[in-house]
Structures are given as structure tokens and as C-alpha cells.
Amino acid sequence: DGVSKLTQMTFESKAEAQAENFQKMALAMARDIRVVLVKLADRLHNMRTLGAMAADKQIRIARETLDIYAPLANRLGIAWIKTELEDMSFRYLHPESYRDLATLIAKKKVEREEYTAKVVKRIHDALAATSIDNAEVKGRAKHFYSIFNKMRRQGIEFDKVFDLIAFRVILDTIPQCYEVLGVIHTVWKPIPGRFKDYIALPKPNGYQSLHTAVLGPSGKTLEVQIRTHDMHRANELGVAAHWRYKEGGGSDAEFEAKIAWMRKLLEPRSGDDSTLAAELQTELLEDRV
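Residues numbered from 1 in each chain as written. Predicted model: local features only at pLDDT ≥ 70, side-chain atom pairs only at ≥ 80, totals over all residues. Heavy atoms only, no water.

## Concerning the packing of helix α4 (residues 79–93) against helix α5 (residues 95–107)
Working step 1: The contact between α4 and α5 brings their axes to 5 Å, and the two run at 115°. Between α4 and α5, the residues in contact are Asp 87, Phe 90, Arg 91, Tyr 92 and Leu 93 and Pro 95, Ser 97, Tyr 98 and Leu 101, respectively.
Working step 2: Among the residues making up the contact of α4 with α5, the classes are represented as six nonpolar, one polar and two charged. (Axes fitted to C-alpha atoms, helices over the stretch in contact; angles between N-to-C directions. Helix = DSSP H or I, 4+ residues; strand = E, 2+ residues; numbered from the N terminus. Contact = heavy atoms within 4.5 Å. Nonpolar A, V, L, I, M, F, W, Y, C, P; charged D, E, K, R; others polar.)

So this is what it looks like as C-alpha cells:
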């Protein structure tokens, strides 16, 4: 019921219908978070099969996904759904840019794989001299939409985007994270102003990690994220990682903290309720003007 549309009502416009459906879903998900998890899975499936739709529908659904569902997945800390929704929306909203970027990235594939292997080996070699022998080190290509946004934001061409790969070091404990940060900064020179400690000061959606940017091999900017296995799991799954509907029920403090922003918006309100959808969208899109 929470994810189904309000089909029995008539609305003056598509925008009004969208706002009311969004409000219905928000109220339902405040009572039971499974509503939004089902909704995000449903939207992900819609986007994966969008090729069968008419062009105008593709654009409308992709725009709604980029404006509402990808930010919602992000705010709830579900990183893997957020990135896939963004990339697929980008593909339909900016098809030429998407194709151009895909071609440019494919051309550099071999070079990128060699560079990744070189950096991963260098980090492992540096850690071999410490007491840390259980680190998981990997490099992953940044997703298309984040590269596109960076090019647009900084007004640069693709060949000026050096940090196409983000490197992750995943460890067992928090002290190990800070120790590895020191090792990384010893191997490569850190870039001033690019260090973020999201372990001590988590993001609003609960995301935790150390982020640093260094001057890596060939003078290229290198981004490294350092986190524990628990943090990595929580960062990928968000609210779904703190499952409150486990046997025995009861409330999960970490889960409640993750959706406190939503509960606050849904508190008993005076006057007109019609602004709720607009306020939720403002909350989700807080990084946009």
C-alpha cells in the first residue's frame, strides 16, 4: 500500500499527483522503512528496463529518478542504488554526453587497469613494513555521473580529470584507519585542503570514512578512502544495514539516527500539509541551488 500510487484520486496536474504520491510514500516509510526499500528496488528495476519505453516517458521517469529517488537513496545511505540510479538517469537525460564519456573511458581502460595495479601494489608494499597485514586494497572507477558533474562544475575537459579511480583501503579497526592514513601521506604528498575525516564527523546520512587526496604516480591526483569493514557495509547498505525488524523487534538507535531528519519533517504540522513534498525535496536536494 505504501508504494502504490493514489490512483483513485484526480489531480489538476502531473506535478500535484507526483507530490501527493511522494507524500504518501514518505508517511508510509516513516512507519515502516521497508516501504522505501521496496520503492527503491522497484524504481531500480524500472530504470533497468527503461529502454522499452517511449522517449518522452524515458525523460520524465529519468528526471524524477534523478530529482527524487537517487537523492533519497543517498540520504538513506544506500550508495550502490544511488550510483546506479544516477548513471542510468544520466544516460537518458544527456545521451550524447553519456556516449562520449563511455567512449573516452573505454579508450583508457588498459592504461587505467595498469595504473590501478601499480597503486594497489605500492600501498600493499608500504603496509608490509607496518603491523597491518589484513588490509583490503582496491581501486574502482568513478561512476559516469560523478565524472560528468565534475567536468561541468569545474569547466574542464575529460583529459583534465585525473582522479577517475578512487582507491579504498578497508581494515578491521578505527586505529588502523588513522595509521594507514599516516602511511599514505608518507608515500605520497597530501594535497592541502582535500582531507576529510568522516569517521570523527560522519555525514548526515551516517556515512563514515577517511578521505584524502595525494599527488600520486606521474603527478596525478589520487583519491584514497580508508574505512573499516563495518563502515563499508553500512555505507553501501545505509538504513538496510541496521535492520530493526529483526526477531524480537525493538528500536535500533543507529537506525533512528539515520532517519531522524525524516521524522522531524513528518511531525504533527499546523496548517496546510501540501508543502510536505516540497520540504522533503528541499531536504533531499540540499546540495543544489
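Text resumes after the structure shown.
## Topic: the pattern of salt bridges
Working step 1: Taken as a whole and assessed by the stated rule, the structure comprises 10 salt bridges.
Working step 2: A salt bridge links Arg 48 to Glu 84; the shortest N-O distance between them is 2.7 Å. Of this pair, Arg 48 sits in helix α2 (residues 34–48) while Glu 84 sits in helix α4, and the two are 36 residues apart along the sequence.
Working step 3: Residue Glu 84 is classed as partly exposed on the basis of its relative accessible area of 23%.
Working step 4: Among the ionic pairs, Glu 86 bridges to Lys 82, the shortest N-O distance being 3.7 Å. Of the two residues, Glu 86 and Lys 82 are both situated in helix α4; the distance of four residues between them amounts to about one turn of the helix. Pair check on accessibility: Glu 86 and Lys 82 agree, each one buried.
Working step 5: Through salt bridges with shared partners, a single network forms among Lys 142, Arg 194 and Glu 223. (Salt bridge = Lys/Arg side-chain N within 4 Å of Asp/Glu carboxyl O. Buried < 20%, exposed > 50% of the residue type's maximum accessible area, 1.4 Å probe, protein only.)

## Examining unusual backbone geometry
Working step 1: Positive phi, normally seen in glycine, also occurs at Ser 218, with a value near 65°.
Working step 2: Within the secondary structure, Ser 218 sits in the loop between β5 (210–215) and β6 (221–228).

## Concerning the nonpolar core
Working step 1: Grouped together as the largest cluster of nonpolar side chains are 40 residues, with contacts concentrated most on Val 36, Met 47, Leu 76 and Leu 101.
Working step 2: Every element with two or more residues in this core is listed here: α1 (14–31), α2, α3 (55–75), α4, α5 and α7 (144–154).
Working step 3: For this core, the element with the highest residue contribution is α3, accounting for eight residues.
Working step 4: Not counting residues up to four positions away in its chain, the partners in contact with Val 36 are Met 29, Leu 72 and Leu 76.
Working step 5: With 26 residues, the next largest nonpolar core counts Ile 123, Cys 177, Leu 210 and Met 231 among its residues. (Core = buried A, V, L, I, M, F, W, Y, C linked by side-chain atoms within 4.5 Å.)

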